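# Commentary on secondary and tertiary structure
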Amino acid sequence: MLLKEKIREATDKVITEKFGVNIDNIDVTYPDNPSFGDYTTTVAFRVSKLLKDKGYKLPDISSKIVEGLKEKLKEEFSEINFLNGGFINLKLSKEYLSKLTEEISENEEYGKSDFGRGKGKILLEYVSANPTGPLHIGHARWASIGDSLYRAFITSGYDIKSEFYINDAGNQITLLRESVEAVRQGKEIPENGYHGEYIYELAKTKEDPIKVILEWQKEDLTLFDVHFDNWFSEKSLHDSGYVDDTFNLLKEKGLIYEKDGAWWFKSTLFGDDKDRVVKRSNGEYTYFGVDIAYHRNKIERGFDRLINIWGADHHGYVKRLESAISSINTDVKFEVVIGQMVSLYRNGEPVRMSKRTGDIITLREVLDEVGKDVLRYYLVSKKVDTHIDFDIEEAKKQSEDNPVYYLQYAHARISGILRNSQGIPEIEGSKDIIDTPESEEIARKLAKFPEEIVDITLSLEPQRMTTYLLDLASLFHKFYSKHRVIDNGKVHKGRRVLVKAVKNVLKKGLWIIGVNAPEVM
RNA sequence: GCGCCCGUAGCUCAAUUGGAUAGAGCACCUGCCUUCUAAGCAGGGGGUUGUGGGUUCGAUUCCCGCCGGGCGCACCA
């Protein structure tokens, strides 16, 4: 069980026992100032507010909670007290930290927890680019965020699957095939068709261009270290009659009606601004109409929670799909992470991207120029709701002093120490794992690693991992410059355990954000 | 016009979701390599958190107005 959860549970019990009240969502956080301890709760303020008519004073309340916590948490915490009236601070004991650090050093899977166990089946859908062209830098943002979220969920014990929805049906697909076919027959590409260079490349083959593009996309994602559990074809929904079936279901429920020759979904019943067309007057389904079927299918596959990552250009679409889903099933939880757009620049000049005109910079090009680690770090380190101006020249220039190397360097340094410490004698009496203030700070940081991963799943903000790793790497570099693990040909046993633990955490943390952990740099 | 998102150090971004003295990297200045990797470490300058109100013990965070930027308001996807 996570320490945060333990504290929360204990606090909840203490408050019920001592005051007979219930506080839900008890906050347990890390104080800014490390001298206050490892954990803080401000629950006393809330209890005080609840009991203000009964003559309790804030310090009395705090001191009673502290008393109760001391009894319940003596195994892990050496100091529990309160400050400034209601800030209750808890400090992990050195003995506990030493024991934990030793465990971490022997466990490459440290960071895993069972926090998400029993919390339902999750389907995470992201990228889902149209197979009408190569992936570009915008898709890369969703890919890096989605994959890191997925890794955090898995590590936190959730039952989660990732999925890429292939829009392999509809107008755009027809248009792309026509564009390629035109080139093959030596004709002009239709005005509203696709004009990118890759169209000519596709025309050289005899294969179905959609299939080829899909292969390109899969290759790019593999290079980007992004994995999907399932690739779901839109076309399969049409072919199996599932779209028609869903349409009929909505009709039976009285949720669609005919007007001006088209069929409309009554999304206003569920809070949308207006009703939306699901089937056009020419008999074809709209994207929305098919999407309802797709999401119904997700629900029927037994998922309780649907998380989608979309670009900000689709945010107006959230409400109507939400409406449709709640009309089918009210238990399923539907969440959309809206990511702001990525604008591309080269030497300060904006690069307009359009698949139609072929004016794009592909993910592959950027990968070739700046490398996977730099790009994944860059894209995951920024909160999804901030707009990104990505300058490819700037990214290359900065790559020398990119923070990602700071993290990797810490890992490589430790790897070096571990290599050099093999087969050399140990310093006598060097068993202490925490024998310096710097070691202690490191151990305290390591203790919070599983919670950081869980926090990513709760906030859906993977950039937190980059902040954590920078902190940890910084603590290690400080330790390294001040203390020696190998001294005069002999190794300090306890410190070797400590740096090994740091290595395991760095590696796992880098894995969460899809960055390699090199042994040598 | 209506809706969603953003505005924090010269630049790029954090801030554990309402907590204690708002932190990192880059850039700039000053030091540190005869022992484990200097892609590092130590120190310095740099802020009215766009702006004006409000809510409360407490606001970068929540609410309202204004300014600036992005995105959207289809029988397109």
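Residues numbered from 1 in each chain as written. Chains lettered and ligands numbered in written order. Predicted model: local features only at pLDDT ≥ 70, side-chain atom pairs only at ≥ 80, totals over all residues. Heavy atoms only, no water.

## Some words on the protein's contact with RNA strand B
As a reminder, the rule being used: Nearness here has a simple test: a residue counts as near a molecule or strand if at least one of its heavy atoms is within 4 Å of that partner. As used in this structure description, the phrase polar contact means that two N or O atoms lie within 3.5 Å; if the pair is within protein, one of them must be able to donate a hydrogen and the other to accept it, and residues adjacent in sequence are counted only when both atoms belong to side chains.
Within the structure, RNA strand B sits among 63 residues, and Y30, D32, R280, H315 and Y409 are positioned closest to it. Each atom of RNA strand B within 4 Å of the protein was assigned to sugar, phosphate or base; sugar and phosphate come to 57%. Here a sugar or linking oxygen of RNA strand B sits 3.5 Å away from a polar atom, N or O, in the side chain of Q340. At a separation of 3.1 Å, a sugar or linking oxygen of RNA strand B approaches a polar side-chain atom of T467.

## Details of the side chain of T246
Selection criterion: Strands are runs of DSSP state E lasting at least two residues, helices are runs of H or I lasting at least four, and both sets are numbered from the N terminus onward. The contact criterion used is simple: two residues touch if any of their non-hydrogen atoms lie within 4.5 Å.
Mapping T246 onto the fold places it in helix 10 (residues 242-252). At a separation of 2.8 Å, a polar atom in the side chain of T246 contacts the main-chain carbonyl oxygen of Y242. Setting aside anything within four residues of it in sequence, one finds T246 in contact with I292, A293 and R296.

## A short note on the sheet that holds strand 14 (residues 388-391)
The criterion, for reference: Pairing between strands is defined by DSSP: at least two bridges between the two strands are required. Fitted lines through C-alpha atoms serve as axes, helices being fitted only where they are in contact, and the angles separating the N-to-C directions of these axes extend from 0 to 180 degrees.
What the three strands build is an open sheet, ordered 13-12-14; its pairing is mixed. The open sheet has two free edges, formed respectively by strand 13 (349-351) and strand 14, since each of these has just one partner strand. Taking the axes of each pair of neighbouring strands and ignoring which way they run, one obtains an average angle of 40 degrees across the sheet. With four bridges joining them, strand 12 (residues 342-346) and strand 14 adopt parallel strand pairing. Each residue of the ladder has a partner; that of L344, found in strand 14, is F390. Sitting on the sheet, helix 5 (residues 137-155) touches strand 12 and strand 14, and the angle it makes with strand 12 is about 130 degrees.

Geometric descriptors of this kind do not, in isolation, establish any biological role.
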